[in-house]
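Structure assessment
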Amino acid sequence: MGAEKKVILEAQHLWKSYGKGEAKIDALADVSLEIYEGELLTILGSSGSGKSTLLNSLGGMDKPDKGAIIVDSQDLCKMNDRALTNYRKRNIGFVFQSFNLISELTARENVALTASSPDMVEKVFDMVGLRQKIKNYPSQLSGGQQQRVSIARALAKNPKILLCDEPTGALDYETGKQILVELEKLVRQHGKTVVVVTHTQEIGKMSDRIIKMRNGKITKVIVNDSPASAVSIEW
């Protein structure tokens, strides 16, 4: 796959520790990986495996103690706070377990906050299938609809990579599957690059690649030549 796809981000030998002495924990221990343009990548691991720390490092929200993260020939680990802010603005869309919508704003207004241009707002609502709810406030939306608005908000800046941290974690099973279907469409129909962090192993079946983590290390990388459809996944 690496020979066929364009590498848009490369992490090299990342280390990140918390605490000191006997309480020291290596959240990342010599982690290296590449992210390819137009792929759906799943990072699997239990709580404390380091997967969220890795995601936050790739998104420029957390800085590793050692290593390099190369994007467009630049190393994120050497950037100052202002440069990292600009990197996040230009390149990264975040989707979290909590929707983080502003309750006083309509769905349209929430998305418009990050939009690269006014016409992007309607475009991303079409992409997530929520054009009919564009004037609603978050309190007038279901949990799944709110998560789709948060995905639309992340997409509105037209990011290179969409980073999703447990995007189905706060949702019931059926609603979670709807979100996976939307993420699948973004990759398969719109050519977006999506990275999903999750502890749910079955979600890996819809991915192009699966990275398994334990104790801050990548323990296995699986290339999935025949990804399952999101609709078929059960957990």
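Bear in mind that the values here come from a model prediction, so they are computed numbers and not experimental data.

**A look at the overall build of the protein**
Within the protein one finds six helices and 10 strands. Taking 2.2 N^0.38 as the reference for a compact globule, 235 residues should give roughly 18 Å; the C-alpha atoms of the protein span a radius of gyration of 17 Å, in line with that estimate. If you line up the protein on its principal axes, its C-alpha atoms span 50 × 40 × 40 Å. Within the protein, the fraction of its 235 residues that count as buried is 50%. The contacts of the protein with a sequence gap of at least 6 include a subset with a gap of at least 24, amounting to 69%.

**Examining the sheet that holds strand β5 (residues 74-75)**
On the basis of which strands lie adjacent, the open sheet formed by four strands has the order β2-β1-β4-β5 and antiparallel pairing. Edge positions in the sheet fall to β2 (25-36) and β5, since each of these pairs with one other strand and no more. Pairing analysis gives two bridges linking strand β4 (residues 66-71) to β5, with the strands arranged antiparallel. Considered in β5, the bridge of I70 is made with D75. On the sheet, helix α1 (residues 51-58) packs against β1 (7-18), β2 and β4 and is oriented at approximately 55° with respect to β2.

**Notes on the pairing of strand β3 (residues 40-44)**
Across the five residues that make up β3, a large majority, five, are buried. Because side chains alternate across β3, one face comprises the buried residues L40, T42 and L44, and the other comprises L41 and I43, equally buried. By the bridge criterion, five bridges tie β3 to strand β8 (residues 193-198) in an arrangement that is parallel. Bridge assignment links L40 to a residue of β8, and that residue is V194. Relative to strand β9 (residues 209-214), β3 runs parallel, the two sharing four bridges. Pairing of T42 across the sheet is with I210, part of β9.

**Details of empty space enclosed by the protein**
Taken as a whole and judged by the stated rule, the model has one cavity of 30 Å³ or more. Quantified by volume, the largest cavity comes out at close to 40 Å³. Forming the walls of the largest cavity are S57, G60, D62, K63, P64, L76, C77 and L84. Its residues placed into classes, the lining of the largest cavity shows four nonpolar, two polar and two charged.

**Thoughts on the packing of aromatic side chains**
What the rule picks out here adds up to two aromatic pairs. A ring pair is formed by F94 and F96, whose centres lie 5.7 Å apart and whose planes are at 5°; its orientation type is stacked. Residue class for F94 comes out buried when judged on its relative accessible area of 17%. Residue classification places F96 among the partly exposed residues on the basis of a relative accessible area of 26%.

**Remarks on helix α5 (residues 143-155)**
For α5, with 13 residues, the first-to-last C-alpha span of 18 Å sits near the 18 Å given by 1.5 Å per residue. α5 sits mainly inside the fold: 12 of its 13 residues count as buried. Taken together, the buried positions of α5 are G144, Q145, Q146, Q147, R148, V149, S150, I151, A152, R153, A154 and L155. Those residues of α5 that are buried are in contact with β6 (92-95), α3 (107-112), α4 (118-127), β7 (161-165) and α6 (173-188).

**Describing the nonpolar core**
Membership of the largest hydrophobic core comes to 36 residues, with the highest contact counts inside it found for I151, L162, L183 and V194. Within the residue set of this core, elements represented by two or more residues are α3, α4, α5, β7, α6 and β8. Sort the elements by how many residues they give to this core and α6 lands first, with six residues. Core analysis: the second largest hydrophobic core is formed by 28 residues, L28, L41, L54 and L76 among them.

About the criteria used
Residues numbered from 1 in each chain as written. Predicted model: local features only at pLDDT ≥ 70, side-chain atom pairs only at ≥ 80, totals over all residues. Heavy atoms only, no water. Helix = DSSP H or I, 4+ residues; strand = E, 2+ residues; numbered from the N terminus. Rg over C-alpha atoms; globule rule 2.2 N^0.38 Å. Buried < 20%, exposed > 50% of the residue type's maximum accessible area, 1.4 Å probe, protein only. Contact = heavy atoms within 4.5 Å. Pairing = 2+ DSSP bridges. Axes fitted to C-alpha atoms, helices over the stretch in contact; angles between N-to-C directions. 1 Å grid on protein atoms, 1.4 Å probe; cavity = no way out; pocket = protein on both sides within 12 Å on 5 of 7 lines; lining within 4 Å. Points joined across faces, edges and corners; volume = space filled by probe spheres on them. Nonpolar A, V, L, I, M, F, W, Y, C, P; charged D, E, K, R; others polar. Phe/Tyr/Trp six-rings, centres within 6.5 Å; stacked < 30°, edge-to-face > 60°. Expected span 1.5 Å × (residues − 1). Core = buried A, V, L, I, M, F, W, Y, C linked by side-chain atoms within 4.5 Å.

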